[in-house]
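Here is what each chain is made of, one letter per residue.
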Amino acid sequence: MVVEKSLSNSTKDPLVSNKIVSLKSALYPTIVEEMSDLESGTLVEMLHLDQEPIIVEEDFSVPITQFDSIAQEEEDLLKLEAEVCSHGDTVHYAKKPKIFANCSGSYLYDSYETPYLDLQMWYSAVNLGYSNQRINDALKNQIDTLPQLACQYLHKEKIVLSAKIVDSAKRAFGEVGRVHFNVGGSQAVEDALKLVRKTTGKSRQFAFEGGYHGRTLAVSSITSSYRYRENYGEFGDRAEFVPFPYCFRCPYGKQVESCELYCVQQVERKFEHEYTGAWNPKTKKSEFGAFVIEPVQATGGYIIPPKGYFERLAKLCKEYGIMLIDDEIQMGLFRTGKMWAAENFGIKPDIMVFAKALTNGMNPLSGIWAKEQYISPDKFGPGSTHSTFSSNSLGTAAALEVMKIFEEGNYEKTVNEKGAYFLARLKDLQKHHPEIGHVDGLGLALRVEMCQADGFAPNRELADKMFQRGLEGDLKVNGCKLGLILDIGGYYKNAVTLAPSLEISYEEIDLACDCLDVLISECKA
């Protein structure tokens, strides 16, 4: 569809021609371009629809001064941010931080209404799309009825939400348990660690190289990156980190077809005798209270383990009395095509941690689910752990609506089908770009590992260029101009990790792959 709009009393200007009008279709981003074959003062709005032109009669007057004022306001805001905001968060991973003004579906919009197709959805926090109407309405309704309540009191949404999570865990793991809420992912992981200490009396844990569980002081001890601990003294309870089964770059130099799960054999070896430092054969007790896992490694690069790995590891933990903590913060809530990522691997955790997408990125809410034997009232009594805003009424209302949406939809089917289609498109893209060393995916958790031309040596520079270039907002793809939101992870910071909305359309998947094609071609040139 082509829409002509009259620009009365205006002159041609690049700022005007780059303006995106505010028709924010989640399927077809609206693009305005100045066309050389049209008379002065006419803009053309282009959508990916094969329809006849529709002439819009009303004026579309956009004074040049409006765009000048937007540019000035952003300049002033960035200057102010540089003076008053800490750089301790992740904003300044971008060389030029981007200010966004709106969002809808799979898109973010800047102050000029430029659409940015988001392929990471706030680190998988917005699984059901930006500005989801049902969740927005649930939150607005709660604001009008019970917007605040001290967490020492009960409200309906907390109880019903807890029941739904408990029921989902029972279906997934065949276990009875309870839920305890908190605010953020790191805080929920700390609650899990407290429960382990309460249960086992032990403060040391196993965790994976490449694992990320948060950056609070306690959780930094089980997050493998030393840079999160370096400036904060000694960590006497630092985890023992073991290699994750990263088959594309096997740390043992093995091939997955013939290794016979050599990586898990190395964990098993720690319990062959007392001199590995892991356990005492005489008392049959381990030094470690828990093994903290991500079924699919998230910040580590969306690494998917081989079949059989976690089943064998879980058996080992059970044999030696080591609790299994399943971190579902980024991979839970159908990201991998199952309600809980652990379901893909036959894992039955003792404790499960969830956050992010539970409220679709609305009011913060996180929590843990644990087996009844560990979290029953006589074991984990009142005041064992608490936060002022845990189980806040706005968060529980949003989360309850999220759970209802999942119950009513067939997300296991649709996510796996879309994921398979997206993965096939990425593998096709790989054939045209030798710099794509590895692609893989589970549900709509996908990875594209950028390499040198040999298809293996990590290429951090190329991945970073892609990230920065996508934020510039002027990619020209299929006659449209837009931006692309990516996240870069992986051990070598060369993995493009894709976590699109679970509601992403097939047209948007095609657009995403076309954008990636253009992006790689530009950035490797």
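Residues numbered from 1 in each chain as written. Predicted model: local features only at pLDDT ≥ 70, side-chain atom pairs only at ≥ 80, totals over all residues. Heavy atoms only, no water.

Undergrad: Would you mind going over the overall build of the protein chain with me for this structure?
TA: A tally of helices and strands in the protein chain yields 14 helices and 22 strands. Per-residue burial for the protein chain yields a buried fraction of 53% across its 525 residues. In the protein chain, the share of contacts with a sequence separation of at least 24, taken over all contacts with a separation of at least 6, comes to 72%. Of the roughly 23,900 Å² of accessible surface on the protein chain, 50% is carried by carbon and sulfur atoms. (Helix = DSSP H or I, 4+ residues; strand = E, 2+ residues; numbered from the N terminus. Buried < 20%, exposed > 50% of the residue type's maximum accessible area, 1.4 Å probe, protein only. Contact = heavy atoms within 4.5 Å. Areas by Shrake-Rupley, 256 points an atom, 1.4 Å probe, with all protein chains shown as cover.)

Undergrad: Quick question: what am I supposed to make of the pairing of strand β16 (residues 366-371) here?
TA: Summarising burial for β16: six of the six residues are buried, a large majority. The alternating pattern of β16 places Ser366, Ile368 and Ala370 on one face and Gly367, Trp369 and Lys371 on the opposite face, and all of these are buried. Where strand β8 (residues 177-182) and β16 come together, six bridges link them in antiparallel fashion. By the bridge assignment, Val179 is partnered in β16 with Trp369. As paired strands, strand β15 (residues 351-354) and β16 are joined by four bridges and run antiparallel to one another. Along β16, the bridge assignment pairs Val353 with Ile368. (Pairing = 2+ DSSP bridges.)

Undergrad: For this particular structure, what's the right way to read the packing of aromatic side chains?
TA: To describe a pair of aromatic rings, one takes the distance between the centres and the angle between the planes. On inspection of all chains with the given rule, the structure shows 25 aromatic pairs. Pairing Phe206 with Phe288 gives two aromatic rings, centres 3.9 Å apart and planes at 20 degrees, and the pair type is stacked. Taken together, the residues Phe206 in strand β9 (residues 204-208) and Phe288 in strand β13 (residues 288-293) connect sequence positions 82 residues apart. For Phe288, a relative accessible area of 0% corresponds to the buried category. On the numbers, 6.0 Å between centres and 40 degrees between planes, the contact of Phe334 with Tyr411 is tilted. Of this pair, Phe334 sits in the loop between β14 (323-327) and β15 while Tyr411 sits in helix α12 (residues 411-432), and the two are 77 residues apart along the sequence. Residue classification places Tyr411 among the buried positions, given a relative accessible area of 8%. In this structure an aromatic cluster arises from ring pairing among Phe206, Phe208, Phe244, Phe271, Trp279, Phe288, Phe291, Tyr309, Phe310, Tyr320 and Phe345. Sitting above the plane of the Phe456 ring, Arg249 keeps its charged end 4.4 Å from the centroid. (Phe/Tyr/Trp six-rings, centres within 6.5 Å; stacked < 30°, edge-to-face > 60°. Lys NZ or Arg CZ within 6 Å of the ring centre and 35° of its normal.)

Undergrad: Help me out: how do you make sense of helix α11 (residues 393-408) in this one?
TA: In an α-helix there are 3.6 residues to a turn, and that puts residues three or four apart on one side. Over its 16 residues, α11 extends 23 Å from the first C-alpha to the last, a length consistent with the 22 Å expected when each residue adds 1.5 Å. Within α11, 13 of the 16 residues are buried, leaving the element largely enclosed by the surrounding structure. (Expected span 1.5 Å × (residues − 1).)

Undergrad: Looking at this model, I keep getting lost on empty space enclosed by the protein. Mind explaining?
TA: Empty space left among the atoms is revealed by rolling a probe the size of a water molecule over them. Enumeration over the complete set of coordinates arrives at two cavities of 30 Å³ or more. A volume near 110 Å³ is recorded for the largest cavity. Taken together, 14 residues form the lining of the largest cavity, with Cys247, Cys250, Lys254, Cys259 and Cys263 sitting closest to its centre. Of the residues contributing to the lining of the largest cavity, the split by class is 12 nonpolar, one polar and one charged. (1 Å grid on protein atoms, 1.4 Å probe; cavity = no way out; pocket = protein on both sides within 12 Å on 5 of 7 lines; lining within 4 Å. Points joined across faces, edges and corners; volume = space filled by probe spheres on them. Nonpolar A, V, L, I, M, F, W, Y, C, P; charged D, E, K, R; others polar.)

Undergrad: Can you help me understand the confidence of the model for the protein chain in this one?
TA: Low pLDDT means the predicted atomic positions in that stretch should not be read closely. When pLDDT is averaged across the protein chain, the result is 90; 88% of the residues are at 70 or more. Within the model, pLDDT remains below 50 along residues 1-62, and this stretch shows 126 contacts once partners closer than five positions in the same chain are excluded. (pLDDT = per-residue confidence, 0-100.)

Undergrad: Is there a simple way to think about the side chain of Lys418 in this case?
TA: Relative to the assigned elements, Lys418 resides in helix α12. Of the side chains with opposite charge, Glu503 comes closest to the buried, unpaired Lys418, at an N-O distance of 4.7 Å. Ignoring any residue separated from it by four or fewer positions in sequence, one finds Lys418 in contact with Leu444, Leu502, Glu503, Ile504, Tyr506 and Ile509. (Lys, Arg positive; Asp, Glu negative; His and termini not counted. Salt bridge = Lys/Arg side-chain N within 4 Å of Asp/Glu carboxyl O.)

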